[in-house]
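A closer look at the structure
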Amino acid sequence: MPGHEADFRNVKQMEISLSERKAAFVWYDLMTTDTVAAEKFYREVVGWGAADSGLPDRQYILLSMGETMVAGLMPIPVDAAGRRRCGWDTSGWRMWTSTRRR
């Protein structure tokens, strides 16, 4: 949404914070065919904020609870056809986990 670009000044700190977690869910992405309806739902029902990520090559909305970014929202990629086995061609939540560093 124009005028609601995300503030990336603290991205490095967020990366450090996420990397310190071991074997934990660290990020969530919602891929859907209707990002407008999904954004509206999570704003109105859950109370999350939403801000355009500012990525120049794709639509990606950062969802937040207060000042804390909690998830991303994006349309299903156009090149997802044929990747059904991985679940990338259907609407739903994807969860990302950290792994231990050695």
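Below is a short write-up of the structure. Since the structure is predicted, the reported quantities are computational estimates derived from the model, not experimental observations.

Considering the sheet that holds strand 3 (residues 61-65)
Pairing within the open sheet is mixed, and its five strands lie in the order 2-3-4-1-5. Every interior strand has two partners, whereas the edge strands, strand 2 (49-52) and strand 5 (92-97), have only one. The mean angle between the axes of side-by-side strands here comes to 30 degrees, regardless of whether they run parallel or antiparallel. Bridging between strand 1 (residues 25-32) and strand 5 involves six bridges; their strand directions are antiparallel. Following the sheet pairing, Trp-27 is matched in strand 5 by Trp-96. Along the sheet face, helix 2 (residues 35-46) touches strand 1, strand 2, strand 3, strand 4 (68-75) and strand 5 and points at about 155 degrees away from the line of strand 4.

Describing the packing of aromatic side chains
Scanning all chains against the criterion turns up four aromatic pairs. Both rings, one in Phe-41 and one in Tyr-42, keep their centres 4.8 Å apart while their planes meet at 90 degrees; by these two values the pair is edge-to-face. Taking the relative accessible area as the measure of exposure, Phe-41 reaches 40% and is therefore partly exposed. Accessibility expressed as a relative area gives 15% for Tyr-42, which makes it buried. Ring geometry for Tyr-42 and Trp-93: centres 5.7 Å apart, planes at 85 degrees, overall edge-to-face. Within this pair, whereas Tyr-42 is found in helix 2, its partner Trp-93 is found in strand 5, the two being separated by 51 residues in sequence.

Quick notes on the nonpolar core
If you look at the biggest cluster of nonpolar residues, it comprises 10 residues: Leu-30, Ala-38, Tyr-42, Trp-48, Ala-50, Ile-61, Leu-63, Val-70, Ala-71 and Leu-73. Contributions of two or more residues to this core are made by helix 2, strand 3 and strand 4. Looking at this core, the element that brings in the most residues is strand 4, giving three residues. Ignoring anything within four residues of it in the chain, the contact list for Ala-71 reads Trp-27, Tyr-28, Ile-61, Leu-62, Leu-63 and Trp-93. Counting seven residues, the second largest nonpolar core, distinct from the first, contains Val-26, Trp-27, Tyr-60 and Met-74.

Digging into the pattern of salt bridges
Counted under the stated rule, the structure contains two salt bridges. A salt bridge links Glu-39 to Arg-43; the shortest N-O distance between them is 3.0 Å. A residue pair is termed a helical-turn pair when its members lie 3 or 4 positions apart in one helix, as Glu-39 and Arg-43 do in helix 2 at four residues. Taking the shortest distance from any N to any O, the salt bridge between Arg-58 and Asp-57 comes out at 2.9 Å.

Observations regarding a nonpolar patch on the surface
Among the surface-exposed residues, Phe-41, Val-45 and Val-46 lie close enough to one another that they form a single nonpolar patch of about 270 Å² accessible area. Topologically, Val-45 is positioned in helix 2.

Cut-offs applied
As a convention, each chain's residues are numbered from 1 in the sequence order in which they are written. Only residues with pLDDT of at least 70 are given local features in this predicted model, and only at 80 or more are side-chain atom pairs given and counted; all residues enter the totals for whole chains, interfaces and linings. As a rule here, side-chain values come from all non-hydrogen atoms in the structure, and water together with hydrogens is ignored. For two strands to be treated as a pair, DSSP must find no fewer than two bridges joining them. Helix and strand assignments come from DSSP, with helices taken as H or I runs of at least 4 residues and strands as E runs of at least 2, each series counted from the N terminus. Axes here mean lines fitted to C-alpha atoms, for a helix over just the part in contact, with angles spanning 0 to 180 degrees between N-to-C directions. When checking whether two residues touch, look at their non-hydrogen atoms; a contact exists if any pair is within 4.5 Å. Under the pairing criterion, centres of Phe, Tyr and Trp rings, with the six-membered ring standing for Trp, must be within 6.5 Å; the plane angle then separates stacked pairs below 30 degrees from edge-to-face pairs above 60, leaving the rest tilted. Accessible area is worked out with a 1.4 Å probe on protein chains only. A residue is then buried under 20% of its type maximum, exposed over 50%, and partly exposed in between. The criterion is simple. A nonpolar core is a set of buried Ala, Val, Leu, Ile, Met, Phe, Trp, Tyr and Cys residues joined through side-chain atoms within 4.5 Å. Salt bridges, as used here, are contacts in which a Lys or Arg side-chain nitrogen is within 4 Å of a carboxyl oxygen on Asp or Glu. Residues enter a patch when their relative accessible area is above 30% and they make no salt bridge; the linking distance is 9 Å between like charges and 5 Å between nonpolar side chains (Val, Leu, Ile, Met, Phe, Trp, Tyr). All accessible areas in this document rest on Shrake-Rupley with a 1.4 Å probe, and a residue is counted as covered only by the protein chains that are shown.

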